[in-house]
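Chains, contacts and geometry: an overview
So the chains spell out like this:
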Amino acid sequence: MSWSIFMLFLATFISSLEQSVSISAGSQRAILRAISNNQDGEKPDFGVELNATNFDTVLKDTPAPYAIVEFFAHWSVYYESILLQPHYEKVARLFNGADASHPGIILMTRVDCALTINSNLCDKFSVKHYPMLLWGPPKKFVGSGWDPKQENSEIRSIENGRTADILLGWINKQLGSSYGFDDGKYENEHLQKNFSDPAQIATAIYDVEEATSTAFGIILDHKMIRSGTRASLIKFLQLLVAHHPSKRCRKGSADILVDFDNLCPSEILSVNNEEADSCSKKGALGNYQICGKEVPRGYWMYCRGSKNDTRGFSCGLWVLLHSLSIRVEDGESNMAFRTTCDFIHNFFICEECRQHFYDMCSSVPNPFKKARDYALWLWRAHNKVNERLKKDEASLGTGDPEFPKVIWPSKQLCPSCYLNPGEKSKENSKIEWNEDEVFKFLVSYYGKELVNLYKEKELQAVGGTEKTVNEELVASTNAVVVPLGAALAIAVASCAFGALACFWRSQQKNRKYKYLHSLKNI
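On a predicted model such as this, the values are computed, not experimentally measured, just so you know.

Considerations on the overall build of the protein chain
Broken down by element type, the protein chain carries 20 helices and five strands. Counting every position in the protein chain, which comprises 522 residues, the buried fraction comes to 51%. For the protein chain, the proportion of contacts with a sequence separation of at least 24, taken over those separated by at least 6, is 72%. For the protein chain, the accessible area works out to roughly 24,800 Å², and carbon and sulfur atoms hold 51% of it.

Re the packing of aromatic side chains
Considering all chains together, one arrives at 24 aromatic pairs under this definition. Arranged with centres 5.6 Å apart and planes meeting at 75°, the rings of Phe 95 and Tyr 179 form a pair that is edge-to-face. Highlighted residues: Phe 95 in helix α4 (residues 84–95) and Tyr 179 in the loop between α7 (164–175) and α8 (204–221), separated in sequence by 84 residues. Considered together, Phe 95 and Tyr 179 belong to a single accessibility category, that of buried residues. Three or more aromatic residues link up through ring pairs in this structure, and these residues are Trp 318, Phe 337, Phe 357, Phe 368, Tyr 374 and Trp 377. Sitting above the plane of the Tyr 302 ring, Arg 311 keeps its charged end 5.7 Å from the centroid. Between the NZ or CZ atom of Arg 311 and the centre of the ring of Phe 403, over which it lies, the distance is 4.2 Å.

Side note on the packing of α4 against α7
Where α4 meets α7, the axes come as close as 8 Å, and the angle between the chain directions of the two elements is 40°. In terms of orientation, α4 lies oblique with respect to α7. Note on element contacts: α7 touches α4 through Ala 164, Leu 167, Leu 168 and Ile 171, opposite His 87, Tyr 88, Lys 90, Val 91, Leu 94 and Phe 95. Class assignment of the residues belonging to the contact of α4 with α7 gives a composition of eight nonpolar, one polar and one charged.

Quick word on the packing of α8 against helix α12 (residues 313–325)
Contact pair α8 / α12: the axes reach a minimum separation of 8 Å and the direction vectors enclose 105°. Taken together, the axes of α8 and α12 lie roughly perpendicular to each other. Only Phe 313, Gly 316, Leu 317, Val 319 and Leu 320 of α12 make contact with α8, whose side of the interface consists of Ala 204, Asp 207, Val 208, Ala 211, Thr 212, Thr 214, Ala 215 and Ile 218.

Some remarks on the nonpolar core
In terms of nonpolar packing, the biggest core is built from 80 residues, with Val 319, Phe 357, Trp 377 and Leu 442 touching the most fellow members. Those elements giving two or more residues to this core turn out to be α8, α9 (230–243), α10 (247–263), α12, α13 (333–347), α14 (351–362), α15 (371–396) and α16 (435–462). Ranked by residues supplied to this core, first place goes to α8 with ten residues. When residues no more than four places from it in sequence are discounted, the contact partners of Phe 357 are Trp 318, Thr 340, Cys 341, Ile 344, Trp 377 and Leu 378. Counting 22 residues, the second largest nonpolar core, distinct from the first, contains Leu 121, Phe 141, Val 142 and Ile 155.

Observations concerning the pattern of salt bridges
Evaluated as defined, the whole model comprises 18 salt bridges. Counted as one network, the salt bridges with shared partners bring together Glu 49, Glu 70, Glu 89 and Arg 110.

A few points about the confidence of the model for the protein chain
Mean pLDDT over the protein chain: 76, with 70% of residues reaching 70 or higher. Low pLDDT (under 50) marks residues 459–496, which in the prediction has 62 contacts with non-local residues, meaning those over four places away or in another chain.

Observations regarding the environment of Phe 55
Residue placement: Phe 55 occurs in helix α2 (residues 55–61). Put simply, Phe 55 and Asn 118 are 63 residues apart on the chain and 9.8 Å apart in space, counted from C-alpha to C-alpha. Discounting chain neighbours no more than four positions away, the residues touching Phe 55 are Leu 50, Val 69, Val 111, Leu 121, Phe 125 and Phe 141.

Remarks on the sheet that holds strand β1 (residues 48–50)
Pairing between the strands of a sheet comes from backbone hydrogen bonds, and it takes one of two forms, parallel or antiparallel. Taken in spatial order, the five strands line up as β1-β3-β2-β4-β5 in an open sheet, and their pairing is mixed. Whereas interior strands pair on both sides, the edge strands pair on one side only; in this sheet they are β1 and β5 (156–158). With strand direction ignored, the average angle separating the axes of adjacent strands in the sheet is 30°. Sheet analysis places strand β2 (residues 66–72) next to strand β4 (residues 132–136), joined by five bridges and oriented antiparallel. Each bridged residue has a counterpart across the sheet, and for Glu 70 the counterpart in β4 is Leu 133. Contacts between α7 and the sheet are confined to β2, β3 (106–112), β4 and β5, with β4 contributing the most and set at about 20° to the helix.

Examining the side chain of Thr 212
As for its placement among the helices and strands, Thr 212 is situated in helix α8. Using a relative accessible area of 4% as the deciding quantity, one classes Thr 212 as buried.

Details of α13
In a regular helix each residue adds 1.5 Å, so 15 residues correspond to 21 Å; α13 covers 21 Å between its end C-alpha atoms and thus fits that length. Turning to α13, its buried residues number three or more, namely Ser 333, Ala 336, Phe 337, Thr 339, Thr 340, Cys 341, Phe 343, Ile 344 and Phe 347. Looking at the packing, one finds that the buried side of α13 touches α8, α9, α12, α14 and α15.

A short note on the pairing of β2
With six of its seven residues buried, β2 lies for the most part within the structure. With seven bridges connecting them, β2 and β3 associate as parallel partners. Looking at β3, one finds that Phe 71 is bridged to Val 111.

Focus on the environment of Lys 282
Within the secondary structure layout, Lys 282 lies in the loop between α11 (266–272) and α12. Not counting residues within four places of it along the chain, the set of residues in contact with Lys 282 comprises Lys 223 and Asp 277.

Basis of the calculations
Residues numbered from 1 in each chain as written. Predicted model: local features only at pLDDT ≥ 70, side-chain atom pairs only at ≥ 80, totals over all residues. Heavy atoms only, no water. Helix = DSSP H or I, 4+ residues; strand = E, 2+ residues; numbered from the N terminus. Buried < 20%, exposed > 50% of the residue type's maximum accessible area, 1.4 Å probe, protein only. Contact = heavy atoms within 4.5 Å. Areas by Shrake-Rupley, 256 points an atom, 1.4 Å probe, with all protein chains shown as cover. Phe/Tyr/Trp six-rings, centres within 6.5 Å; stacked < 30°, edge-to-face > 60°. Lys NZ or Arg CZ within 6 Å of the ring centre and 35° of its normal. Axes fitted to C-alpha atoms, helices over the stretch in contact; angles between N-to-C directions. Parallel < 35°, antiparallel > 145°, perpendicular 65-115°, else oblique. Nonpolar A, V, L, I, M, F, W, Y, C, P; charged D, E, K, R; others polar. Core = buried A, V, L, I, M, F, W, Y, C linked by side-chain atoms within 4.5 Å. Salt bridge = Lys/Arg side-chain N within 4 Å of Asp/Glu carboxyl O. pLDDT = per-residue confidence, 0-100. Pairing = 2+ DSSP bridges. Expected span 1.5 Å × (residues − 1).

This is the structure we're talking about:
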């Protein structure tokens, strides 16, 4: 490949990386993560403070399906000190913050209408008295307003929320839940259990981000980047840059990959033949957020278990691996397989799990030539893991009673995946699968369905970019699509998603990256 052609390819790729939307300083914090105690020893505020500059952004970004916005005036002594604020905070601490009993269900916020900056915002929502509480889906507040005379509005006024008991009772009535102030973490949860509804996977996009960030954090915390594992991590980052279903994780992975040789030089690892502080959380690498400032949030959505120690990270990681498997092209399939196997073998912290996965990888006799074959292999591997864990959990009593390990997908979720969907399953009987239908299901479930909610919220907030979910899938499946199709195919086949990353690594020591950084910081 000539130098000029490669530079054109390089520039086109970088310009295709998603530009981040500028966010005000107030909304850059992870709104549903830890709410820090201030230095004066005062109690923290659990209701998230919003204003006209961050209102749309925060409500657009939240994974919570519901929001309460409290419009108040800070000059009201009655509100601040005597009665109302303490009651609102008592409810908010159930849903907001790192120690919330039920995180990710309701985003509880407040807007101070006494501040001039919020005057127009409060007028848009017809605020005539203080405090005024509005309830609704977060996206319905974005770029919108509210009129009490408006019919069929999904935003509703909470007429009486003046005590914590009354407000929580109102919430429980709306959700059909029974949340209480004495609930522990995830105790008494209102969980999604309709396994026949494929749309439920949409909330897992947040879990994929959470799992990606958690995995990166574990690697740094345990100083797992060594001379023998460094190349494996670089290849996995290349895979994430090209095919991660989340925009912010694709961009964050690219940021790390661009600077990786400076952050974690191979020479240091080669000399010591062990981990180096510069390649751990203590070094500059620890300052990078692989999925942006808002992640990790500290909780799970689709992958939440009925107990605090079930599902979570392992579920989110499986969703990530499946979503990657259906996004790679045929020519990338075997490299994606090897990259995934090496990543799990080198960086998954559960020794037994790691060995079982490595054994399944080692049993594959021939290289994959089709993306379909790789996606189906991963699906079979997941079911094998579920079968093994089902026996282990039954003997140890460690399973989640609300989410038992089952062969997947179920007949309710994908009846066409079964050759005999009407036949009742028998204990230990072998299921006859229609693998063409299984593959179609995987592509839809971990493709369009997975990014649907994420994309819908983005379109709502950014003001209507006319980009469909299908186009988003194309963007993540072919993240390096350029006019140089033939040259790209050769590069990808020979360098694992990766002519770009190979070029970066080989050139980082010889030239400055003003051009790269100016582009990625647009």
